Amino acid sequence: MRVTPDGGWELLSDKGATVSTMEIDSAVAGRALVVVVDDRTAHGGVDSLGPLVTELLTEAGFLVDASISVQADEVEIRNALNTAVIGGVDLVISVGGTGMSPRDVTPEATEEVLDRVLPGISEALRSSGLASGSLDAGLSRGLAGVSGSTLVVNLPGSRAAVRDGMATLGPLASRVIDELSGLSE
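Residues numbered from 1 in each chain as written. Predicted model: local features only at pLDDT ≥ 70, side-chain atom pairs only at ≥ 80, totals over all residues. Heavy atoms only, no water.

## Some thoughts on the packing of helix H3 (residues 74-86) against helix H4 (residues 106-113)
Working step 1: Running from amino to carboxyl end, H3 crosses H4 at an angle of 40 degrees, the nearest separation of the two axes being 9 Å. Classed by the angle they form, the pair H3 and H4 counts as oblique. Seen from above, H3 lies across H4 with right-handed handedness. Residues Glu-74, Ile-77, Arg-78, Leu-81, Asn-82 and Val-85 of H3 form the contact with H4, whose own contacting residues are Thr-106, Glu-108, Ala-109, Thr-110, Glu-112 and Val-113. (Axes fitted to C-alpha atoms, helices over the stretch in contact; angles between N-to-C directions. Helix = DSSP H or I, 4+ residues; strand = E, 2+ residues; numbered from the N terminus. Parallel < 35°, antiparallel > 145°, perpendicular 65-115°, else oblique. Left-handed = near helix turned anticlockwise from the far one by under 90°. Contact = heavy atoms within 4.5 Å.)

Okay, structure coming up:
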């Protein structure tokens, strides 16, 4: 995957990844990219989480550049996150791969991309998820942090955890993005 001259995304290899792009007229909150970590979706299965995150981000005022699907592989996840950061998006939301199974490697891949970890965001996501009854959110090992001037957040791969996580993340992401862009000074 690479950033095209017009600011879009292009898939360079069909090795286990799929890309769908979104076009929206204007962004209020910033540019975002969604990374769905799921072997079935990466191999052409139905993606129910990418469209949900995209819809919630759009409602929050973000321009969503794309929703991409990658296999549960550290290198593929890290490459997708790095490409988003290099592409200059303000926010990257990854969905899936935050649990305890051997294939859940999203936090490990994310840790290598981050310049600074923001544990308060991860803790807020877990706490609010548990309070709303989402065990997936409460047991998530997901991280949140900053890479360059991009906020990177891992969400668990369940609809309940995504809905609650996005509601919790909204004001926190806006604050971080404002600070990173110098708007809060």
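So much for the structure itself; the text now carries on.
## As for a nonpolar patch on the surface
Working step 1: Residues Met-100, Leu-130, Leu-135 and Leu-139 make up a contiguous nonpolar surface patch of roughly 440 Å² in combined accessible area.
Working step 2: Residue placement: Leu-130 occurs in helix H5 (residues 119-131). (Patch = residues over 30% accessible without salt bridge, like charges linked within 9 Å, V, L, I, M, F, W, Y side chains within 5 Å. Areas by Shrake-Rupley, 256 points an atom, 1.4 Å probe, with all protein chains shown as cover. Salt bridge = Lys/Arg side-chain N within 4 Å of Asp/Glu carboxyl O.)

## Focus on the nonpolar core
The tendency in soluble globular proteins is for nonpolar side chains to be buried side by side.
Working step 1: The biggest cluster of nonpolar side chains holds 26 residues, and the ones touching the most others in it are Leu-57, Leu-91, Ile-93, Val-153 and Met-166.
Working step 2: When residues of this core are traced back to their parent elements, those giving at least two are strand S4 (30-37), helix H2 (49-59), strand S5 (62-70), strand S6 (91-95), H5, strand S8 (144-147), strand S9 (150-155) and helix H7 (159-181).
Working step 3: Tallying contributions element by element places H7 first for this core, with six residues.
Working step 4: Every residue in contact with Val-153, bar those within four places of it in the chain, is listed here: Leu-91, Val-92, Ile-93, Ser-94, Leu-125, Leu-143, Ala-144 and Leu-169.
Working step 5: Ala-66, Val-70, Ala-84 and Val-89 belong to the second-largest nonpolar core, a separate cluster that totals 20 residues. (Core = buried A, V, L, I, M, F, W, Y, C linked by side-chain atoms within 4.5 Å. Buried < 20%, exposed > 50% of the residue type's maximum accessible area, 1.4 Å probe, protein only.)

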